[in-house]
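Now for the letters of each chain:
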Amino acid sequence: MGKIKTHRASAKRFSLTGSGKIKMSHNNHRHNLGIKSSKRKRGLRKGAILSECFAPTYRTLIQK
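These lines cover the structure that appears in this document, whether it is placed above or below. (Residues numbered from 1 in each chain as written. Predicted model: local features only at pLDDT ≥ 70, side-chain atom pairs only at ≥ 80, totals over all residues. Heavy atoms only, no water.)

### Observations regarding the overall build of the protein chain
Looking only at helices and strands, the protein chain features three helices and three strands. Starting at the N terminus and ending at the C terminus, the protein chain contains elements arranged as α-β-β-α-β-α. Relative to its length of 64 residues, the protein chain is extended, with a C-alpha radius of gyration of 15 Å against a globular reference of 11 Å. Judged by the C-alpha coordinates and their principal axes, the protein chain covers about 50 × 25 × 20 Å. (Helix = DSSP H or I, 4+ residues; strand = E, 2+ residues; numbered from the N terminus. Rg over C-alpha atoms; globule rule 2.2 N^0.38 Å.)

### Regarding a positive patch on the surface
Judged by side-chain charge, Lys39, Arg42, Arg45 and Lys46 come together as a positively charged surface patch. Position of lysine 39 relative to the elements: it lies in helix α2 (residues 38-45). (Patch = residues over 30% accessible without salt bridge, like charges linked within 9 Å, V, L, I, M, F, W, Y side chains within 5 Å. Areas by Shrake-Rupley, 256 points an atom, 1.4 Å probe, with all protein chains shown as cover. Salt bridge = Lys/Arg side-chain N within 4 Å of Asp/Glu carboxyl O. Lys, Arg positive; Asp, Glu negative; His and termini not counted. Charge placed at Lys NZ, Arg CZ, Asp CG, Glu CD.)

### As for unusual backbone geometry
Although it is not a glycine, asparagine 28 sits at a positive phi angle of roughly 65 degrees. Judged by relative accessible area, which is 43%, asparagine 28 ranks as partly exposed. The backbone of asparagine 32 shows a phi angle near 55 degrees, a positive value even though the residue is not glycine. Its place among the elements puts asparagine 32 in the loop between β2 (22-25) and α2. (Buried < 20%, exposed > 50% of the residue type's maximum accessible area, 1.4 Å probe, protein only.)

### Re the nonpolar core
Taken as a class, soluble globular proteins show a tendency for nonpolar side chains to be buried jointly. Judged by nonpolar contacts, Phe14, Ile22, Leu50, Ala55 and Ile62 together constitute the single largest core of five residues. Residues in contact with phenylalanine 14, not counting those within four places in the same chain, are Ile22, Lys23, Met24, Leu50, Tyr58 and Ile62. (Core = buried A, V, L, I, M, F, W, Y, C linked by side-chain atoms within 4.5 Å. Contact = heavy atoms within 4.5 Å.)

### Regarding the packing of aromatic side chains
What characterises a pair of aromatic rings is the spacing of the ring centres plus the angle enclosed by the ring planes. One pass over the full model with this rule turns up one aromatic pair. With 4.7 Å between their ring centres and 50 degrees between their planes, phenylalanine 14 and tyrosine 58 make a pair best called tilted. Of the two residues, phenylalanine 14 sits in the loop between α1 (8-13) and β1 (15-16) while tyrosine 58 sits in helix α3 (residues 55-61), which places them 44 residues apart along the sequence. A residue is classified by how much of its surface remains accessible, and phenylalanine 14, at 15% relative accessible area, is buried. According to the relative accessible area criterion, tyrosine 58 is partly exposed, its value standing at 25%. (Phe/Tyr/Trp six-rings, centres within 6.5 Å; stacked < 30°, edge-to-face > 60°.)

### Considerations on the layout of surface pockets
As a volume, the largest pocket reaches approximately 220 Å³. Lining the largest pocket we find Arg13, Met24, Ser25, His26, Asn27, His29 and Arg30. For the lining of the largest pocket, the class distribution of residues is one nonpolar, four polar and two charged. (1 Å grid on protein atoms, 1.4 Å probe; cavity = no way out; pocket = protein on both sides within 12 Å on 5 of 7 lines; lining within 4 Å. Points joined across faces, edges and corners; volume = space filled by probe spheres on them. Nonpolar A, V, L, I, M, F, W, Y, C, P; charged D, E, K, R; others polar.)

Written out as C-alpha cells, the structure reads:
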C-alpha cells in the first residue's frame, strides 16, 4: 500500500501548532466588509483552533 498524499487545499488553509492542535483562520473576512461591524471584523482577524472532534480528520489530510 502506497503512502497517503497530503491534501494540498487543506494544507494551505490549516497548519499544526507545536502542541499538535490545528490552527486556522476565520472565514467571512474577504469582501462585503462594509456591512459587518467593527467588532465582528476585529474578531475575524485573529486565528482560531479547530475543534477537537474534527482534528483527527484534518490531521490525516495535512500530514507531512
